[in-house]
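Descriptive structure summary
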Amino acid sequence: MVDNEITPELVAATLFGLAGKTILITGASKGLGQETAKYLAAAGAKLVICGRDQQRLDETLKSLLGSGHRSIIAELTDMDKLMNVAVECGKVDGVVHCAGIRGLSPMKLVSETHLSEVMATNYTSPVMLTRHLLAKQLITNGGSIIFMSSVAALSGTVGVGPYAGSKAALIGVMRPMALELARRKIRVNTLCPALVETTLTTEDRPWFDEISKRYPLGVGQPADIAQACLYLLSDASRVVTGTVFAMDGGLEYA
Amino acid sequence: MSDTSIVNTSSVSAPAFNGTENFVLEGRTILVTGASSGIGKAVAILCASLGATLVINGRSAERLQAVLDQLYGTDHQMIIGDLTEVDTREALIEAAPLYDGLAYCAGAASLAPVRMANEKHLQQMLSVNYLAPANLTQRLLYKKKLNTGASLVYVTALASRACPSASAGYAASKAALESYIRTLALEHGKQNIRATYVAPGYVDTPMLESLGTMIDMDKQSELTPMGKIESTDIAPGVVYLLSPASRWVTRSILTIDGGLSIAMRL
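Thresholds applied
- Residues numbered from 1 in each chain as written.
- Chains lettered and ligands numbered in written order.
- Predicted model: local features only at pLDDT ≥ 70, side-chain atom pairs only at ≥ 80, totals over all residues.
- Pairing = 2+ DSSP bridges.
- Helix = DSSP H or I, 4+ residues; strand = E, 2+ residues; numbered from the N terminus.
- Axes fitted to C-alpha atoms, helices over the stretch in contact; angles between N-to-C directions.
- Contact = placed C-beta atoms within 7 Å.
- Nonpolar A, V, L, I, M, F, W, Y, C, P; charged D, E, K, R; others polar.
- Core = buried A, V, L, I, M, F, W, Y, C linked by C-beta atoms within 7 Å.
- Buried ≥ 20, exposed ≤ 12 C-beta atoms within 10 Å, placed from the backbone.
- Right-handed = clockwise from strand over helix to strand, strands pointing away.

Moving on: the sheet that holds strand S6 (residues 194-200) of chain B. All names here are of chain B. The 7 strands are arranged S3-S2-S1-S4-S5-S6-S9 in an open sheet whose pairing can be described as parallel. Looking along the sheet, the strands with just one partner apiece sit at the ends: strand S3 (77-80) and strand S9 (253-256). Between one strand and the next, the sheet's axes are offset by a mean angle of 15°, whatever the strand orientation. Examined bridge by bridge, strand S4 (residues 99-104) and strand S5 (residues 146-155) share 5 bridges and lie parallel to one another. Within the sheet, the bridge partner assigned to Leu102 lies in S5 and is Leu152.

See below:
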């Protein structure tokens, strides 16, 4: 029967697809989190999307293919409410931590408040959310956790100290977590993208256009991150854990 | 009953977008070396089932033919020969008008403690694991055999960074290849030719088996946090890097080691 014929498309959809999986994705109301949500839903996952902005989160939810998706409005830096997010989320097969803020500041101007803010959003929130999910046994065996780090954690650039520190911290916490969860076949990995074109990064167009020239393959698109997530969330990466995967379009480091 | 199912299937249109389209390799010609066994065999089988047209290479005619017979689709070719020989490399380069990808999976491992790692041992490791892929790559570029958007993926080894005992020759040859790949990626990024490498930990393959008592696969699987790794666990990573799904990734390493290296200071 023609309908049952094995085609390359079917092989790709089976191996890299997410049918039958429920995935929690934070920072889904815009940027790369939003695009990743669209890809994961298209690939068959049921999503729990999380963000701060009700209207934009609703828009993301409406744009998702498939059915059974849910949204949770939450300020993830509110530690008192983080446990509720985990409970509301329920059982998941994967988590993609996309929520994050930029922390740009030359060292001599860094304030403790700013440093704490950046660490709270980029490090403490994703770590504690994962902790609550694990404590409540809400991540299924064979699941996959992705932290969104950055090339800023792997190479130095001036003026990004608070951000780089918070993203490097994610790599630090990933390794013990990956070891602790290996028994349950849960993988933990970090993606380290360089500049991705989003509304946030293109606010300063002249800067963006100038810096784009340093990328032989161009700057990244949210879809590039989304497809890396497909690989890391799907059973295609069954034994991939504790890795730091850099995506930078061949960026020529000055 | 059969009428109903025909009506149902024809009325349901295929979804316009399923997110995994870019992992398909249809219309792409890919050269797979080391295809007669282990990781190369798994990569060849998966690439073909994703629609790629392959040129496969290996040294054993019998085993390579068996892999060829197993591939999904038609138009695949096989070229038997040792990659350390120039004739084999030239035959591969001439086998297709243009390549969209290279999955370099050929490699050899032999172990010797530094005290015993004489010049012959080092030369052999370098010849198979570094000079052969480097020479093949150079000719592919020189003869303009790579299509724009081509992806070159090399299987290296966690050993290049982990450097376990008795691996001086092997690990250094893989490290040499990794450095080569990073320069290659830098030089050809602007032409949209990508170069990446997959570094596996201990994978259950004939290559490791050949080391006999020097590496106990069961013990290595016990040490690996995620347990035993099969060739079919490596192949999807190679495919991701070959495919347009990774179009922004170059000069990167993908470690597939079941968490073995987490506890190491690499």
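Now that the structure has been shown, we can carry on.
This next bit is on the environment of Val239(B). Looking at where Val239(B) falls in the secondary structure, it is placed in helix H10 (residues 231-242). Sequence-distant contacts of Val239(B), defined by excluding residues within four places in its chain, comprise Phe23(B), Leu46(B), Cys47(B) and Leu50(B).

On to the interface of chain B and chain A, then. Taken together, the contacts link 41 residues of chain B with 38 residues of chain A. At the level of elements, helix H7 (168-188), H10 and S9 of chain B are the ones that each hand at least two residues to the side of chain B that touches chain A. For the side of chain B that touches chain A, the leading source of residues is H10(B), giving 4 residues. The class makeup of the residues in the side of chain B that touches chain A is 20 nonpolar, 16 polar and 5 charged.

Another aspect to go through is the nonpolar core. By size, the foremost hydrophobic cluster in this structure holds 157 residues, and its most contacted members are Ile25(A), Leu40(A), Val32(B), Val43(B), Ala44(B), Cys47(B) and Ala103(B). Residues within four places of Ala44(B) in sequence aside, it is in contact with Val32(B), Ala35(B), Leu54(B), Ile56(B), Val67(B) and Leu71(B).

Now for the pairing of strand S2 (residues 53-58) of chain B. As a general feature of sheets, a regular strand has side chains that alternate between the two faces. Residues and elements named next belong to chain B. In terms of burial, S2 is a largely internal element, 6 of the 6 residues being buried. Burial of S2 is two-sided: the residues Thr53, Val55 and Asn57 facing one way and the residues Leu54, Ile56 and Gly58 facing the other way are all buried. Both strand S1 (residues 29-33) and S2 contribute to a ladder of 4 bridges, which runs parallel. When the sheet's bridge partners are listed, Val32 is paired in S2 with Ile56. Chirality of the crossover, the property in question, places the unit of S1, helix H2 (residues 38-49) and S2 among those that are right-handed. Pairing between S2 and S3: 4 bridges, direction parallel.

Read these as layout, nothing more, since geometry by itself doesn't imply function.
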